[in-house]
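If you want the building blocks of each chain, they are given just below.
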Amino acid sequence: KTIPKEKLTKSTLSLKDLVCFDRRPGTAEREFRRVIGINNNNVSSTDTTQPEHNDAPRLFLLQHVNNSSVDIQEIEVQIGSSQIVIIPDLIAVMTKFSKIPESNASSRDSAATTQVVVNEDIPKEFEASIERVDSKSTSNTKCRVETSNVQFVFVDLGSISSSLLPTSKKSTLTETIVLQGRMEATVDMTTDRAGVEISKNDYKLDSERLEIYTAKGANLYHPVQLLEPIQFSLHCLQRVDKNDGGDSMDVKFACLAPVYISISMQNVALASAIATSLSEAFFEDSVAEVEVDEFCSLSEAETSKIELLNSALEQVGDIDDLNHNRSDHPNDISAHDGNPSKQTKQMLKLRATLPSATITLINDFQGMDLALFKLTTTHCVFGGEVDFPVLSDSESPLFGCNVNTSVLAEYFDSTTFKWENFLVKPWEVTLNCSRSEQSRFPSDRLLTTFDIESHQCHVSFSEHFLVSVGAASRMWSVYSGATRQATELVASTTKDDSNKQRLSRSMAAHAARSLITTLPYALENHSGLNASYSIGEEHLQLPSNSTRFFQFDLFPESGSGGMRNYGQDVKKPRAVTVFVGDTEICIADIDREVGNRHAYFILEYATYIFTYVVKRGNSTVLHLSSQVEMYNLSSLPFRIAIFKDDTSQDLGHLSPIKKEKRKNEIREGNEPLSSHAIFGFPAPLISGFAVDSIENIQIQLIPVTNDNSELFGTLIVPPLQQLINMTGPGKDTVFEV
C-alpha cells in the first residue's frame, strides 16, 4: 500500500505454513524429517501466564512501514508457534552447497578497482567523485519481533544413526535438546546520514517464558526439564560518536523470577555431542581444505614470488625506521582523511541482577539417578565496566567490577536420601577487582587489585558425599576415555570421508553415553509365590525368584518436562504397590523405607510374607521373601531341596557369595545384587514354621563339585521358638549335616 501525498509505504507478508522436509538419500527411516513446521506440542498445563493470541499468525507475519517524509522505517515481525529442527549433518550439506568458491588469480587481476588520482603538478588538488548527501540529518529504523511459542529442537546425530542399525531396538528414540519460549525483541537504530558521525542503537529483549528440556522422538516423549521457565529482561544501548572520539555500550540484565537449573552427567554428555557435531558441520570442511592445500607442491612461478617476498621483507626494517622518524613530528597529517588522527576508544558497561538461582548436579550415568550437589545463590548483583584504550596492540584494557551475593550449598546423602547442609550458614561474599593507572606513585605500569570481603564460611560434609563425587568422577573418566578411543579409531579407519567420520564419532559418543548397567529401583521376589506390582497406572508381573528393575516417572511443575526432585524436595512420594494373591502390600515411599525393620504380612493358610528395603550398589531394592532365607558363605555352590509331606521338592542352586561377610552385614544389604546368592524358601512350604508351632524344616544339601560326586546331607532346622532361643550376640550354633 502506497500513499504518495504522505510519502508512506506499507507492506505486509503473511505465511500460514512452510513445508521444508529432509529428502536426502538414506534419511527415509529417520524420525525427524520435517525441518520447519507448526509446533503442535502445547506448553505445560500449569502455565497460567500465557496470554491468548487468537489473531496470531500460524507461522509468520511481517509488516513494514516506510515514512520517507520523516525518514523513519518501522518493521514488525510476529512468529507463531513454529518448530525448527536443527540436524547437524543436514547443516553440513547445506553449508557445503551454499559455499561460494574463492576466485582465482586471473579473476582478481581482471576485477574492477577504485583509484584516487593525485595531480602531481598541484599536490593539493584531487580528482574525486563526491556523492551528494541528503539534507536530512538522521534516519531512524524501528524493528519489533514477537514470538508465540517457538521451539528449537537440537537433534543428536549419534542417536539418529544408532536407531537405524539392524541390531537396534525399534523402541530406540532420537535424543534431543529443546529450547522453547516466548520472547519479544525491539531494536531502535538512529544513524547520522551525513557522515555516520553519530549513531545510537537501542536493543531490548523481554522473555515471558524460556525453558530448556530434553526429550526423545519426533513427538518429544519423556521430557525432562533442564531449565525451568524463566522471565528476564535484557537492555543494550550502543552509542557511537566520532566527534567525541569513541563509542560506548551499556548492557543491563535482570531476571524477574527465581532460576532453577537441573544438570546431569547425561545432559552434559548429550550437549557436548550436539555442540561437537554442529561445530564440525560449520568448520570441518574449511579446515580440511586448508590442510589439503598446505601439502600441495609449488609451481616455479609461486616459488619465484616467495623469493621476491623474502627479499622484500629484508627491507622492512628500513621502512619501519623511516616511519618511526616521521611519527616523532607532531604536525603529521593522517593519510586517510587529511585531519589529525583521532583517538577512538570503546567503553563497555555491564549490570546484572539475579534474585535467586539454584543449580542441581546429578549423576545419571549407567542407569543411576543420584543427586550430588545443590548450589543456591541469592541476591546476586554484578556491575562491571571495561574501558578499551586507543586502538593499539601494546596497551591492555582497563576494567573494574564488583559482585555481591549470598551462597548456600547442600549435598545429597545417599544413605538417608536427604539433603544435608554443606554450608551450615549462608556465605555472603563481596568481590571487587580493577585494573587502572596508579595514583599513589608516578608510573606507566597499570595496577591490578582484587578485594574479597567474605563472612565466615562453615563447611560440613560426610564421607558419603566424597564417595558419591568419586564415583561420578570415575564414571565420567570411563565415558571420556571410551569416546576418545572410539574417535581415534574412527579417524584412522575413515580418513577420506568426513561424513562417515562425523556419524561414527556421534554414534560412539551415543553408545558410551547410553550404557545402562542397572536402574535406580528394583523388586526382588524370594517368597516362592508369584506376585505383581504397580507403579502409578502401570501393572506388571513379578514371578517367584525374579528381579525387576524400574524407575519412576517425573512429574512436570511449571515447565513442559518433568522436574528431578530429591530428598526433601520430592512433592509426590515414590509409592509401590505389591499384590500377592488377594493381599495388597503398599509401600508409601520406598526411599524412606531404606534401612527400616522388616514388615510382615499374613496371607491365607497362615502364610507369612516379609518386606524390607535396602540400598545395594546403585539401586534401591524392595525384597519380598518368606520368613526363612539362606545365604551361602562357603566356597562351594549347593543344590537345595526341602522335604514336605515325605516328599522332596527341588528348589534350585544356591551360589556362594563372592566376598565372605558376616550374616548381620549381609542382612544390611551389602552383598552384590544377585538373586541366586540369596535363597528364599517358598512361603507355602514353611507355613507351619511359626513361633507357636513345633514344626521343623528338613533341608537337603547337595554340593556341586567338579568331579560330580554324589554327596548329599540333611540339615534339620529346629522349631522357630527353639531357633530364636539359640541366637544371640556372640553365639554360633553348629548343626550336623
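Cut-offs applied
- Residues numbered from 1 in each chain as written.
- Predicted model: local features only at pLDDT ≥ 70, side-chain atom pairs only at ≥ 80, totals over all residues.
- Heavy atoms only, no water.
- Helix = DSSP H or I, 4+ residues; strand = E, 2+ residues; numbered from the N terminus.
- Buried < 20%, exposed > 50% of the residue type's maximum accessible area, 1.4 Å probe, protein only.
- Contact = heavy atoms within 4.5 Å.
- Pairing = 2+ DSSP bridges.
- Axes fitted to C-alpha atoms, helices over the stretch in contact; angles between N-to-C directions.
- Polar contact = N/O pair within 3.5 Å; in protein donor to acceptor, adjacent residues only side chain to side chain.
- Salt bridge = Lys/Arg side-chain N within 4 Å of Asp/Glu carboxyl O.
- Phe/Tyr/Trp six-rings, centres within 6.5 Å; stacked < 30°, edge-to-face > 60°.
- Lys NZ or Arg CZ within 6 Å of the ring centre and 35° of its normal.
- Core = buried A, V, L, I, M, F, W, Y, C linked by side-chain atoms within 4.5 Å.
- Patch = residues over 30% accessible without salt bridge, like charges linked within 9 Å, V, L, I, M, F, W, Y side chains within 5 Å.
- Areas by Shrake-Rupley, 256 points an atom, 1.4 Å probe, with all protein chains shown as cover.
- pLDDT = per-residue confidence, 0-100.

**So, the overall build of the protein**
Right, on to step 1. Secondary structure assignment for the protein yields 10 helices and 37 strands.
Right, on to step 2. For the protein, with 737 residues in total, the buried portion stands at 34%.
Right, on to step 3. Put simply, of all contacts in the protein between residues at least 6 apart along the chain, 64% involve residues at least 24 apart.

**Describing the sheet that holds strand β33 (residues 638-644)**
Right, on to step 1. Pairing is antiparallel in the open sheet, where four strands are placed in the order β34-β33-β36-β37. Across the chains shown, the open sheet's two edge strands, defined by having one partner strand only, are β34 (647-654) and β37 (713-717). For this sheet the average axis-to-axis angle between neighbouring strands, irrespective of direction, equals 30°.
Right, on to step 2. Of the pairings in the sheet, the one linking β33 to β34 comprises seven bridges and is antiparallel in character.

**Quick notes on unusual backbone geometry**
Right, on to step 1. Positive phi, close to 50°, is recorded for H222, a residue that is not glycine.
Right, on to step 2. Relative to the assigned elements, H222 resides in strand β14 (residues 221-241).
Right, on to step 3. Looking at H222, the relative accessible area reads 57%, which means it is exposed.
Right, on to step 4. Although it is not a glycine, H379 sits at a positive phi angle of roughly 50°.
Right, on to step 5. Tracing the backbone shows H379 in strand β18 (residues 370-388).

**Some thoughts on the environment of R574**
Right, on to step 1. Tracing the chain through its elements places R574 in the loop between β26 (546-550) and β27 (576-580).
Right, on to step 2. Owing to a relative accessible area of 13%, R574 belongs among the buried residues under this scheme.
Right, on to step 3. Separated by 18 residues in the primary sequence, R574 and R592 place their C-alpha atoms 9.3 Å from one another.
Right, on to step 4. Not counting residues within four places of it along the chain, the set of residues in contact with R574 comprises Y521, F552, N565, I587, A588, D589, I590 and D591.
Right, on to step 5. A polar contact is formed between the side chain of R574 and the side chain of D591, at a distance of 3.2 Å.

**Observations concerning the environment of G217**
Right, on to step 1. Here G217 lies in the loop between β13 (198-216) and β14.
Right, on to step 2. With relative accessibility at 0%, the residue G217 sits in the buried group.
Right, on to step 3. In this structure, the C-alpha to C-alpha distance between G217 and V155, residues 62 residues apart in sequence, is 9.6 Å.
Right, on to step 4. Residues contacting G217, with those up to four places away along its chain left out, are E31, F32, L173 and T174.

**Remarks on the pattern of salt bridges**
Right, on to step 1. Evaluated as defined, the whole model comprises 15 salt bridges.
Right, on to step 2. One salt bridge in this structure joins R564 and D364, with 3.2 Å as the shortest N-O distance. Highlighted residues: R564 in the loop between β26 and β27 and D364 in the loop between β17 (345-363) and β18, separated in sequence by 200 residues.
Right, on to step 3. For D364, a relative accessible area of 8% puts it in the buried group.
Right, on to step 4. A salt bridge links E410 to K374; the nearest nitrogen and oxygen atoms lie 3.4 Å apart. Of the two residues, E410 sits in strand β19 (residues 398-413) while K374 sits in strand β18, which places them 36 residues apart along the sequence.
Right, on to step 5. In the salt-bridge network here, residues are joined through shared partners; they are D22, R24, R30 and D89.

**Remarks on the packing of aromatic side chains**
Right, on to step 1. All chains considered together, the criterion is met by 18 aromatic pairs.
Right, on to step 2. A centroid spacing of 6.1 Å and a plane angle of 40° characterise the contact between Y533 and F550, whose relative ring orientation is tilted. Within this pair, whereas Y533 is found in strand β24 (residues 531-535), its partner F550 is found in strand β26, the two being separated by 17 residues in sequence. F550 shares its class with Y533; the two are buried.
Right, on to step 3. Taken together, the aromatic side chains of F373, Y411, F422, F461 and F465 make up a single cluster linked through ring pairs.
Right, on to step 4. The residue whose ring lies beneath R23 is F21, and the NZ or CZ to ring-centre distance is 4.7 Å.
Right, on to step 5. Here the guanidinium or amino end of K374 rests over the ring plane of W419, the centre of that ring lying 4.6 Å away.

**Things to note about the side chain of Q83**
Right, on to step 1. As for its position among the elements, Q83 is in strand β7 (residues 82-86).
Right, on to step 2. Polar side-chain contacts of Q83 include one of 2.9 Å to the side chain of Q151.

**Let's talk about the sheet that holds strand β25 (residues 538-542)**
Right, on to step 1. Judged by pairing direction, the sheet is antiparallel, and its four strands sit side by side in the order β25-β24-β27-β28 without closing on themselves. Edge positions in the sheet fall to β25 and β28 (583-587), since each of these pairs with one other strand and no more. Going across the sheet, the axis of each strand differs from the next one's by a mean of 25°, ignoring polarity.
Right, on to step 2. Sheet topology note: the β27/β28 ladder contains five bridges and is antiparallel. Counted as the bridge partner of V576 is I587 from β28.

**Re the nonpolar core**
Right, on to step 1. Residues V576, V578, V580, I590 and L622 are the most contacted members of the largest nonpolar core, which totals 46 residues.
Right, on to step 2. In this structure V580 touches L529, N530, A531, I585, L603 and L624, once residues within four positions along its chain are discounted.
Right, on to step 3. Among the nonpolar cores identified, the runner-up in size contains 18 residues, and V628, I642, F679 and I699 belong to it.

**With respect to a nonpolar patch on the surface**
Right, on to step 1. On the surface, I263, V268, I359, L361, L375 and W476 cluster together into a nonpolar patch covering about 420 Å² of accessible area.
Right, on to step 2. By the element assignment, V268 lies in helix α4 (residues 265-294).
Right, on to step 3. Judged by relative accessible area, V268 falls into the partly exposed class, the value being 37%.

**Focus: the confidence of the model for the protein**
Right, on to step 1. Predicted confidence across the protein gives a mean pLDDT of 77, with 76% of residues reaching 70 or more.
Right, on to step 2. For the protein, per-element mean pLDDT is lowest for helix α9 (residues 663-667), which scores 37, and highest for strand β16 (residues 259-264), which scores 93.
Right, on to step 3. Considering only residues more than four positions removed or in separate chains, one finds that residues 122-135, a stretch of pLDDT under 50, has 10 contacts.
Right, on to step 4. Taken together, the stretch residues 322-342 has pLDDT below 50 and engages in eight contacts with residues farther than four places along the chain or on a different chain.

**What to know about the side chain of Q180**
Right, on to step 1. Looking at the secondary structure, you find Q180 in strand β12 (residues 175-192).
Right, on to step 2. On the basis of relative accessibility, which here comes to 1%, the residue Q180 falls in the buried class.
Right, on to step 3. Within the structure, the side chain of Q180 is placed 3.5 Å from the side chain of S560, a separation counted as a polar contact.

**So, the pairing of strand β10 (residues 138-147)**
Side chains on a regular strand alternate between the two faces of the sheet.
Right, on to step 1. The sheet contact formed by strand β6 (residues 72-79) and β10 spans eight bridges and is parallel. Each residue of the ladder has a partner; that of Q78, found in β10, is E146.
Right, on to step 2. Pairing of β10 with β12 involves nine bridges; the strand directions are antiparallel. Following the sheet pairing, T138 is matched in β12 by D192.

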